[in-house]
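# Coordinates in review
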Amino acid sequence: MPNKKRILLAEDEEHLLEAIKLNLELEGYKVSTAKNGKKALQLFKEERFNLVILDVMMPEIDGFVVAETIRLENTDVPIMFLTAKNTNEDKIAGLKKGADDYLTKPFNLEELILRVNNLVKRSLKGEDLKEFNSYKIGDKTIHFNSFELVNADETITPLTKKETMLLKLLIERRNDAVSREQILETVWNYDVYPSTRTIDNFILTFRKYFEPDPKNPVYFHSIRGVGYKFTDNQH
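Residues numbered from 1 in each chain as written. Predicted model: local features only at pLDDT ≥ 70, side-chain atom pairs only at ≥ 80, totals over all residues. Heavy atoms only, no water.

For the chain, the name recorded in an unreviewed UniProt entry is Response regulator transcription factor, with Mucilaginibacter sabulilitoris as its organism.

Here you go:
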């Protein structure tokens, strides 16, 4: 595979390090590994990476400090934390250190790969949610700044803030599955978590807004056991 995407993986549990490395290599990534924070920072200075995966509790220098140090030099490379700590306070602390994603142990390797693929794709696109001011689906246009949906006949449907945020997230990651956990972290931001049914209801609303036939969606899909996907091959 030419121009393999490069990942820095820092994890002090050897069996877990090897398992993640093997699975990422099977996906076509080139993986550099470190068993402590000091080695991770050394590797980061020597090579260029498309993604950094950091265990939080590591010898020498912990993952939070590694992330902060990386962010002083590089604000663009995506950072994902792996940790056994799963309280909201720990997650928020991790995100404040500059992380783009946060996965708690034990985790499903398939979900790890899904999140890795999404983060690497986002880094390659160089796209950020803030860059989206409007987006057209079929004959309707979403205006993110004013929370409005402008229909083909120029009538306006107001959107709630949560609807707008969820649309932004799905559109930014169009054609990729987005897990429920990612939606909860990004849109609900650790407020009271809604049930899966709540997210389902948002998707049903989007289908009413945009789908020619809501019962046979072409844009907004539910992916059983994973989450949701917005498909748009016109963009």
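## Examining the sheet that holds strand S11 (residues 220-223)
Put simply, the test is: Here the rule is simple: two strands pair whenever DSSP picks up at least two bridges between them. What counts as a helix is a DSSP run of H or I of at least four residues, what counts as a strand is a run of E of at least two, and both are numbered from the N terminus. Axis definition: a line fit to C-alpha positions, over the contact stretch in the case of helices; interaxial angles, taken between N-to-C directions, run 0 to 180 degrees. The criterion used for residue contact is that any of the two residues' heavy atoms lie within 4.5 Å.
One open sheet holds the 3 strands; their spatial order is S10-S12-S11, and the pairing between them is antiparallel. The open sheet has two free edges, formed respectively by strand S10 (177-179) and S11, since each of these has just one partner strand. Going from strand to strand, the sheet's axes swing by 30° on average, the running direction of each strand aside. Bridge count between S10 and strand S12 (residues 227-230): 3 bridges; the pairing is antiparallel. By the bridge assignment for S12, Ser-179 is matched with Gly-227. Strands in contact with helix H6 (residues 161-172) are S10, S11 and S12; relative to S12, the strand with the most contacts, it is inclined by about 70°. Of the strands in this sheet, S10 and S12 are in contact with helix H7 (residues 180-188), which crosses S10 at around 70°.

## Some words on the nonpolar core
Convention followed: For the purposes of this section, nonpolar cores are sets of buried Ala, Val, Leu, Ile, Met, Phe, Trp, Tyr and Cys residues that join through side-chain atoms within 4.5 Å. With a 1.4 Å probe rolled over the protein chains alone, any residue whose accessible area is under 20% of its type maximum counts as buried; one over 50% counts as exposed, and the rest are partly exposed.
Formed by 26 residues in total, the largest nonpolar core has its most connected members in Phe-206, Phe-210 and Phe-220. Looking at this core, the elements with two or more residues in it are strand S6 (134-137), H6, H7, helix H8 (196-210) and S12. No other element matches the 6 residues that H8 contributes to this core. Apart from the residues within four sequence positions on either side, Phe-210 is in contact with Ile-137, Lys-140, Ile-142, Leu-149, Leu-167, Tyr-219 and Phe-220. One finds Val-52, Leu-54, Ile-70 and Tyr-102 within the second-largest nonpolar core, a separate group that totals 21 residues.

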